Amino acid sequence: MPIRFHTVSLAVLAAAIMPTAALADTVADSTFTESVTVTAQKRAQNPIDVPMALTAYSGDFLAKLDVQEFDKLSLYTPGFIVQNQSPNNPGLVLRGLTLDSGDATQEPRVSVFEDDVSISTTRATYIELFDIDRVEIARGPQTTLFGRAALMGGVNVIQNKADLSGEYFSLGAEAGDYGYNMVEGMANIQLSDDVAVRFAARIKNRQGYVDNLSGDADYDSVNTEAARLSFAWKPTQAFSADVIFNYEFDRPTGTSFKSGTFAPMDPNTGTIIGNLDHNSGMSLNTTVAGFENNKKLGLNRKVWDGKALLSYSLSDAVKLTSVTAYRRFDSEEVFDPDGFAQPLLESAEDERGDQFSHEFRINYDDGGRLNAFAGVDYFYSNVSQRVPLQFDERMSLSLLAGQDALLQNQPSSFFSSATFVQGYAPAIIQGLAQGLYYKNFGVVYNMPAATALGIAKNLKANHWEQAENFGKTKSVDLYGDVTFKVTEKFELEGGARYTNDDKLSSYAGSTADRSVLGGLIGAMGLAAPYRDAVLGGLATAGAGSLTAIPASVLPAFALFYQPTANNGDKIAKSFNDDGLSWRFTARYAFDKDLSVYANYARGRRPEVLTANSPSTPFGTPDFTPVAAEEVDSYEMGAKTLAFDGKLRADVAVYTYQYTNFQTSVLVNNMPTTTNAGKANAWGIESSVDWVITDWADFFGTYSYNRARFGGTSIYKGNKFRLNPDHKLSAGLALHQNIGGGTLTLLPTYTWQSKIYFDDDNDIAALQSSHLLPDTKQDELQKQYGLFNARLSYAPDGAQWTASIFANNLLNQKYIKDAGNTGDDLGIPTFIAGEPRFFGAGITIKTH
């Protein structure tokens, strides 16, 4: 179970210190309070001896709560939030800082490891949790321990390795409503005294839970296959080797981006077929002819890796460790960012990458006062992100001009009719041009009717353009850490990591033809006579074609992504960055079962060079350096084991100050990373595991995190995105011996306070510069709670367990994301949270 060491109240800790409390070396036999050995500090330790806020969950605990993915794991972890928009686009949050950008040039803030190998590239981070030994979640700056990405913490998934102790297997299956089915299995085989092999796999499917009112497959389904093959070799007592291969394949249906502006409708007739409720059915444009080879909405993601973990003991005190890994992912998601069925805008994200890493470490521990480790890391990453989009210029014109009623009430064919092209469109063009020109120059411009009509006739039903960004990193880290026991009860610890990066950021933009609408908007930024010359060209027949009118005569305008030289050249810029991070800790142990600690840590996120679209066709990409983020964190905590091992509790109090906070803003209607200045936070995290009686166990967690922008930040006073001030979880396991077995009822409740989905907190004044400002503050989720329950039965002496379960038993409605790409166009979209699910399962284990 968990060793969630960050928790309870001061009153509980005080009670645990009382002389009447009998302390034990072992934990009482119970459902949850199991001992977990952790390795967060590069050595095996009891969590009570680790001077940081650390949560450790055993694989058995994950299985008992049916935690199969990171988002469910985060429900029971203080200070940890995971937003699962799709396996391709998760948001992982530790103490308010988020890992979710897919930009190839970006650096993560939260480090995710799999057996000490970084998997922090967001499009490859989300993995199935199966056949797991344990998961460790360390909070606070951990760059000295977890590396470059652990600005505010790290998550390390430790998988079960091939076991030399014998042969055994396990099988499990679940089924439920929404067509849910899951099958998993594991087999461990000892081939000889020093060689073993282990294979584990999971296949999981569930139909979408958001109704597709058009009759196609429902949205937000699950279709996952994952497998692992591992080998162990231990020819001597001093040397051991583990070789592990992982593979995962995800193919869910489209993500349910639902418009908050346009109700679901039939694009063939214009008939309204739904409502604006975020959790009700919807209708998206499933396929646009010719876009991404006619692929339907949905994700196709493959992730695979291989790693070799080698360990050699030079002596009882000195140990060498080598970790070598290669990882690759290919992920393409086609989505409908406008959130309704008109073919207004279709987009995709195609991200690919590979990475190689090698770590070599030496540990020293002779059982005396000194414990130390030092090492070197080499990391190579090569990632690309391709974002194609296709839009209807006629519909986009209507949106830009505020003609929402046309988009909502008319069939798609209306925008090809003479009524629109020769009637509505010219008038809309004249009004839009007048407004844009006045905004830019303060002068009224009246476009000639003939020019407006010529431009209207050239607007296209399908305009395609694309942006690509590339990030290549070669990094070398040197790190070390020393723990010194001043006395038997008091110890000091210090560690540092130096990082040197060579980076290459690249950008390429291209367009299939000329965007007449993009040219119109561009012309309104030009003074006469250049304005009139461009408008004259746009009104000429064939203006949308680069063949009919080459770019040498009329610029190759795009609307969102201006093309680079030669309509697609890849332009690169290199830079170097280096920096130092550190931590200092003091720990005092009253005895082996009660300790307190204090630490100070400096975390650092490396400098980045963002690559964005040129401001003009065939121009130079906008390469913008953003200074390295730095955070200074101060933390104090206490951990205890009491009442004959029946109570485990911990509490941590912290504060941190942040400089050079990197966030995203719209520049020329393009998301751009910028320096938002200073930020600060303070908070409390706690957890408790308590064996109340031989028939009842309790566990609970609570965290408070007040994270706000400060200083002269453009977002001063705003909350960090995806960050609730309050978050808690509680569970009660009730056992009863019935019919020669044990019946266990496990209800759990998780709750969080209000969150915003963007750093601007959806404040209208902070969006006034957008081409289409969003003036309604609705991109938030108010406080809500989820009640889950599981009833299981295990016969005495048998090897099987059967269970029934219900998730979100009260069918609480909530959203898990809002804003998204549609928000950049003033039409935010919303993604519904999971409804109530029922199911049953059975597990067979021989070990």
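One can find the structure itself at the top, above this paragraph.
This structure is a prediction, so every number in the text was calculated from the model and none was measured.

1. Concerning the packing of helix H7 (residues 418–441) against helix H8 (residues 449–458)
Their axes nearest at 8 Å, the elements H7 and H8 cross at an angle of 115°. In terms of crossing hand, the pair formed by H7 and H8 is right-handed. Residue-level contacts link Val421, Gln422, Ala425, Pro426, Ile429 and Gln430 of H7 to Ala449, Ala452, Leu453, Ile455, Ala456 and Lys457 of H8. Looking at side-chain class alone, the contact of H7 with H8 contains nine nonpolar, two polar and one charged residues.

2. Things to note about the pairing of strand E8 (residues 153–159)
For E8, a buried count of seven out of seven residues is recorded, marking the element as mostly surrounded by other parts of the structure. Neither face of E8 is open: one carries Gly153, Val155, Val157 and Gln159, the other Gly154, Asn156 and Ile158, and all of them are buried. Sheet analysis places strand E5 (residues 111–114) next to E8, joined by four bridges and oriented parallel. Bridge pairing in E8 links Ser111 to Gly154. Here strand E7 (residues 132–139) pairs with E8 via seven bridges, running antiparallel. Directly across from Val135, in E8, lies its bridge partner Val157.

3. Here's the deal with the pattern of salt bridges
Evaluated as defined, the whole model comprises 54 salt bridges. The residue Lys161 makes a salt bridge to Asp115 at a minimum N-O spacing of 2.9 Å. Within this pair, whereas Lys161 is found in the loop between E8 and strand E9 (168–176), its partner Asp115 is found in the loop between E5 and strand E6 (117–118), the two being separated by 46 residues in sequence. Close ionic contact of Asp477 with Arg497 constitutes a salt bridge, the shortest N to O distance being 3.0 Å. Of this pair, Asp477 sits in strand E19 (residues 463–485) while Arg497 sits in strand E20 (residues 490–511); the two residues are 20 residues apart in sequence, bridging distant segments of the chain. Assessed through its relative accessible area of 4%, Asp477 is described here as buried. Note on Arg497: relative accessible area 2%, which makes it buried. Here the residues in one salt-bridge network are Glu292, Lys295, Arg328, Asp330, Glu332, Asp350, Arg352, Asp354 and Arg386, joined through shared partners.

4. What to know about empty space enclosed by the protein
For the structure shown, the criterion picks out nine cavities of 30 Å³ or more. One number sums up the size of the largest cavity: a volume of about 660 Å³. Forming the walls of the largest cavity are 43 residues, and the residues nearest its centre are Glu69, Lys72, Lys204, Arg206 and Glu834. Of all the elements in the fold, those that place two or more residues in the lining of the largest cavity are helix H3 (70–75), strand E11 (195–206), strand E12 (222–233), strand E13 (239–250), strand E32 (741–752), strand E35 (784–795), strand E36 (800–807) and strand E39 (837–845). As a volume, the second largest cavity reaches approximately 460 Å³.

5. Quick notes on unusual backbone geometry
Cis geometry is adopted by the peptide bond preceding Pro529, which originates at Ala528 and carries an omega value of 10°. Mapped onto the elements, Pro529 comes out in the loop between helix H9 (516–523) and helix H10 (530–538). For Phe618, which is not a glycine, the phi torsion comes out positive at approximately 65°. Relative to the assigned elements, Phe618 resides in the loop between strand E23 (608–612) and strand E24 (622–626). With a phi angle near 60°, Asn660 is a residue other than glycine that sits in the positive phi range.

6. Some points on the pairing of strand E2 (residues 80–84)
For E2, the tally of buried residues reaches five of five residues, placing the bulk of the element in the interior. Going residue by residue along E2, you find Phe80, Val82 and Asn84 tucked away on one face and Ile81 and Gln83 tucked away on the opposite face as well. Here E2 runs beside strand E3 (residues 90–94); their pairing, made up of five bridges, is antiparallel. Counterpart to Val82 in the pairing with E3 is Leu92. Following E2, the chain reverses through five residues before pairing antiparallel with E3.

7. Looking at the sheet that holds E6
Ordered by their spatial adjacency, five strands build an open sheet running E1-E7-E8-E5-E6, and the pairing between neighbours is mixed. Two strands lie at the open edges of the sheet, namely strand E1 (54–58) and E6, each paired on one side alone.

8. Some words on the packing of aromatic side chains
If you walk through the whole model with that rule in mind, you get 28 aromatic pairs. Note on Phe661 and Phe720: the rings are 5.0 Å apart at their centroids and 45° apart in plane angle, and the pair reads as tilted. One end of the pair, Phe661, is in the loop between strand E26 (647–659) and strand E27 (662–667); the other, Phe720, is in the loop between strand E30 (696–709) and strand E31 (726–738), with 59 residues separating them in the sequence. A relative accessible area of 2% places Phe661 in the buried class. When the ring of Phe709 is compared with that of Tyr715, the centres are 5.5 Å apart and the planes differ by 70°; the resulting orientation is edge-to-face. You can call Phe709 buried: its relative accessible area is 3%. Positioned above the aromatic ring of Tyr654 is the side chain of Arg95, whose terminal nitrogen or guanidinium carbon lies 3.8 Å from the ring centre. Taking the ring centre of Tyr437 as reference, the NZ or CZ of Arg531 above it sits at 5.0 Å.

9. Concerning the sheet that holds E3
Taken together, the three strands give an open sheet; going across it, the order is E2-E3-E4, and neighbouring strands pair in antiparallel fashion. Both edges of this open sheet fall to E2 and strand E4 (97–99), since each of them pairs with a single strand only. Each neighbouring strand pair of the sheet contributes to a mean axis angle of 20°, computed without reference to strand direction. Looking at chain direction, E3 and E4 are connected through three bridges and run antiparallel. Within the sheet, the bridge partner assigned to Leu92 lies in E4 and is Leu99.

10. Things to note about the side chain of Gln408
Note that Gln408 resides in helix H6 (residues 404–409). Dropping the residues within four chain positions of it, Gln408 is found in contact with Thr261, Phe262, Ala263, Met265, Gly270 and Ile272.

11. Description of the nonpolar core
The biggest cluster of nonpolar side chains holds 56 residues, and the ones touching the most others in it are Ile429, Met447, Leu520 and Leu535. Counting residues per element, the ones that place at least two in this core are strand E18 (370–391), helix H5 (393–400), H6, H7, H8, H9, H10 and E23. Each residue touching Ile429, except ones within four places of it in the same chain, is listed here: Leu397, Met447, Ala452, Ile455, Ala456, Leu459 and Leu520. In this structure, Leu73, Ile137, Val155 and Leu746 belong to the second largest nonpolar core, which totals 27 residues.

12. Considering the side chain of Thr483
Mapped onto the secondary structure, Thr483 falls in strand E19. Judged by relative accessible area, Thr483 falls into the buried class, the value being 3%. Looking at Thr483, its side chain comes within polar contact range of the side chain of Arg43, at 3.4 Å. Residues in contact with Thr483, not counting those within four places in the same chain, are Arg43, Arg369, Leu370, Asn371, Glu491, Leu492 and Glu493.

Rules used in this analysis
- Residues numbered from 1 in each chain as written.
- Predicted model: local features only at pLDDT ≥ 70, side-chain atom pairs only at ≥ 80, totals over all residues.
- Heavy atoms only, no water.
- Axes fitted to C-alpha atoms, helices over the stretch in contact; angles between N-to-C directions.
- Helix = DSSP H or I, 4+ residues; strand = E, 2+ residues; numbered from the N terminus.
- Left-handed = near helix turned anticlockwise from the far one by under 90°.
- Contact = heavy atoms within 4.5 Å.
- Nonpolar A, V, L, I, M, F, W, Y, C, P; charged D, E, K, R; others polar.
- Buried < 20%, exposed > 50% of the residue type's maximum accessible area, 1.4 Å probe, protein only.
- Pairing = 2+ DSSP bridges.
- Salt bridge = Lys/Arg side-chain N within 4 Å of Asp/Glu carboxyl O.
- 1 Å grid on protein atoms, 1.4 Å probe; cavity = no way out; pocket = protein on both sides within 12 Å on 5 of 7 lines; lining within 4 Å.
- Points joined across faces, edges and corners; volume = space filled by probe spheres on them.
- Phe/Tyr/Trp six-rings, centres within 6.5 Å; stacked < 30°, edge-to-face > 60°.
- Lys NZ or Arg CZ within 6 Å of the ring centre and 35° of its normal.
- Core = buried A, V, L, I, M, F, W, Y, C linked by side-chain atoms within 4.5 Å.
- Polar contact = N/O pair within 3.5 Å; in protein donor to acceptor, adjacent residues only side chain to side chain.

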